[in-house]
Amino acid sequence: MIDVAGGKVSMDLLRLLSPDVGGEVFVDHLMPLLGYPAESSEGDRLELLLEPASRDTKGIGSWNRLVEVLRQEASTDADREMLNKFEVLSNRSYMRALTDELLEAPDISKLSGLVWNMAGIPLPTSTENDTEHLASRISRRERAGQAIYGICAELSQQLFFNDSQSSDFIVLEEAEGYLNSPAGGKRAHKITREARRLQTGLVVISQNLINDCRKMGTEFVTQTILTRFDEDDVAKAHLERFMGITEAEYPDVVRRYIDDTSPPELNDTLEMSMATDDFDLAMSDFGKTISGREGECFFRDEFRRVGRGKLLGAPTAELADRLNTNPNEQKSTDGASKPSNGQRGAA
């Protein structure tokens, strides 16, 4: 597991990828961070500088060495402007993963599993990304977050696409940030289009698939699971888009999905006249899923057949505890999870 915001692992593509792909990918992800359009003379200049032969001759194997070469070769106002942008970013704390050569450069080529922990990486919203007058207000810190997301996407793709002999899955939990980053959405779309022949599957977990999959597209999504939504309009939109179930044609099915899929405990027997202890005990379960009804869903398979289903939890409490990645829980000395702020996590 790589904690991207933890400041212990390098994300410098010039260190992590081979020279034949590293320079091109570096330009793709870093030009927006520098404030240049994807297609620009500055991008062309940088891409020429990072061609394999040039990198080999000039010894460009890291961000810092690239800055040194830019400093030595800056001869025009445009060169000096780009150099200044590189130097400003080199001194920003949020750029440490891209610029600090003392950080470990992980070799992910031999891994059988990889988890990117993206907690703490700031990103602009999808609205800011897609709206011209808002995009100009995106901070450098948020652009750096986009670049790091893109780098993780690139490295994951390299890891899985380079081995077509094994069956793999890429899982995006809380996928909104990844899918709404320009590089993440593009990479996810590529996976849905091309990954089958490479035996690679994609699992996307999101609170709003319609919004979060706009850049990726859903035309090649073959299976969908919908659990309960809190908002009726969002639930109806997802049923129609992914299950082909509309309220006009199937009003009873839509109502059952909204009202009777992992329904919450509403405690209709609550009385204000109850003793305080009894009232507090009754309220402790208010709004939680009724016991035994957890994990209910609607499921569409690859043949577009739709039915009700149920997602199963971990078979034992011990396994659930071992798989728990909730940052709001702390491990005790005996290995058991302890809620740090009253919240309970789920594997």
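The residue numbers shown here count from 1 along each chain, following its written sequence. In keeping with the model being predicted, local features are shown solely for residues with a pLDDT of at least 70 and side-chain atom pairs are shown and tallied solely at 80 or more, while totals for entire chains, interfaces and linings include all residues. Side-chain numbers come from the whole structure's heavy atoms, not from hydrogens or water.

**Comments concerning the confidence of the model for the chain**
Piece 1. Per residue, pLDDT captures the predictor's confidence, and it can take any value from 0 to 100. Counting all residues, the mean pLDDT for the chain is 81, and 84% of those residues have values of 70 or more.
Piece 2. At the level of individual helices and strands, the chain shows its lowest average pLDDT in strand β9 (residues 337-339), which scores 46, and its highest in strand β5 (residues 224-226), which scores 96.
Piece 3. Low pLDDT, under 50, characterises residues 336-347; the predicted model gives this stretch 30 contacts beyond four residues in sequence or across chains. Here a strand is any run of E in DSSP of at least two residues, a helix any run of H or I of at least four, and the numbering for each starts at the N terminus. Contacts are residue-level and defined by heavy atoms, with any inter-residue pair within 4.5 Å sufficient.

**Things to note about helix α3 (residues 41-49)**
Piece 1. Within the sequence span of α3, burial applies to Glu42, Gly43, Leu46 and Leu49. The arc that holds every buried residue of α3, seen down its axis, measures 125°, which confines them to one face. Turned more than 90 degrees away from the buried face of α3, the exposed residues are Ser41 and Leu48.
Piece 2. Of the surrounding elements, those touching the buried residues of α3 are α2 (19-34), α4 (52-58), α5 (63-73) and α6 (77-90). When a residue's accessible area, from a 1.4 Å probe over protein chains only, is under 20% of the maximum for its type it is buried; when over 50% it is exposed; and in between it is partly exposed. The arc refers to the directions leading from the helix axis to the C-beta atoms.

**So, the packing of helix α14 (residues 232-243) against helix α15 (residues 251-259)**
Piece 1. Where helices are involved, their axes are fitted lines through C-alpha atoms of the stretch in contact, as for all axes, and angles between N-to-C directions lie from 0 to 180°. Packing of α14 against α15 brings their axes to within 10 Å, and their N-to-C directions diverge by 125°. Here α15 runs oblique to α14, going by the angle between their axes. For the crossing formed where α14 meets α15, the hand is right-handed. For the pair formed by α14 and α15, the contact residues are Asp232, Ala235, Lys236 and Leu239 on the first element and Val254, Arg255, Tyr257 and Ile258 on the second.
Piece 2. Gly counts as polar in this scheme, as do all residues outside two lists: the nonpolar Ala, Val, Leu, Ile, Met, Phe, Trp, Tyr, Cys and Pro, and the charged Asp, Glu, Lys and Arg. Residue classes in the contact of α14 with α15 are distributed as five nonpolar, no polar and three charged. Each angle receives one of four descriptions, namely roughly parallel if under 35 degrees, roughly antiparallel if over 145, roughly perpendicular if within 65 to 115, and oblique otherwise. Two helices that cross are described as forming a left-handed crossing if the nearer one is turned anticlockwise from the farther one by less than a right angle, and a right-handed crossing if clockwise.

**Considerations on the nonpolar core**
Piece 1. By nonpolar core is meant a set of buried Ala, Val, Leu, Ile, Met, Phe, Trp, Tyr and Cys residues that side-chain atoms within 4.5 Å join together. Ranked by size, the top nonpolar core spans 67 residues in total, and within it Phe26, Leu46, Leu66, Phe86 and Leu155 carry the most contacts.
Piece 2. Sorting elements by how many residues they give to this core places helix α10 (residues 140-161) first, with eight residues.
Piece 3. Discounting residues that sit within four places of it in the chain, Leu155 has contacts with Met11, Leu13, Leu16, Leu17, Ile108 and Trp116.

**Concerning helix α12 (residues 182-194)**
Piece 1. End to end, α12 covers 18 Å across 13 residues, agreeing with the expected 18 Å (1.5 Å per residue, within 8%).
Piece 2. Along α12, the positions that sit buried rather than exposed are Ala183, Gly184, Gly185, Arg187, Ala188, Ile191 and Thr192. What a helix is expected to span follows from its residue count: subtract one and scale by 1.5 Å.

**Structural notes on the sheet that holds strand β6 (residues 296-300)**
Piece 1. The criterion for strand pairing is that DSSP finds at least two bridges linking the strands in question. Pairing in this open sheet of three strands is antiparallel, and the strands run β5-β6-β7 from one edge to the other. A strand with exactly one partner marks an edge of an open sheet, and here the two such strands are β5 and β7 (306-310). Recorded for the sheet is a direction-independent mean angle of 30° between the axes of neighbouring strands.
Piece 2. Where β5 meets β6, three bridges bridge the pair, whose relative direction is antiparallel. Across the sheet, the residue bridging to Leu226 is Phe298, located in β6.

**Quick notes on the environment of Cys213**
Piece 1. Within the secondary structure, Cys213 sits in the loop between α13 (209-212) and β5.
Piece 2. Classification of Cys213 by relative accessible area gives buried; the value is 5%.
Piece 3. In the structure, Cys213 is positioned 37 residues away from Glu176 in sequence and 8.1 Å away in space, judged by C-alpha atoms.
Piece 4. Those residues in contact with Cys213 that lie beyond four places of it in its chain are Leu179, Val204 and Thr218.

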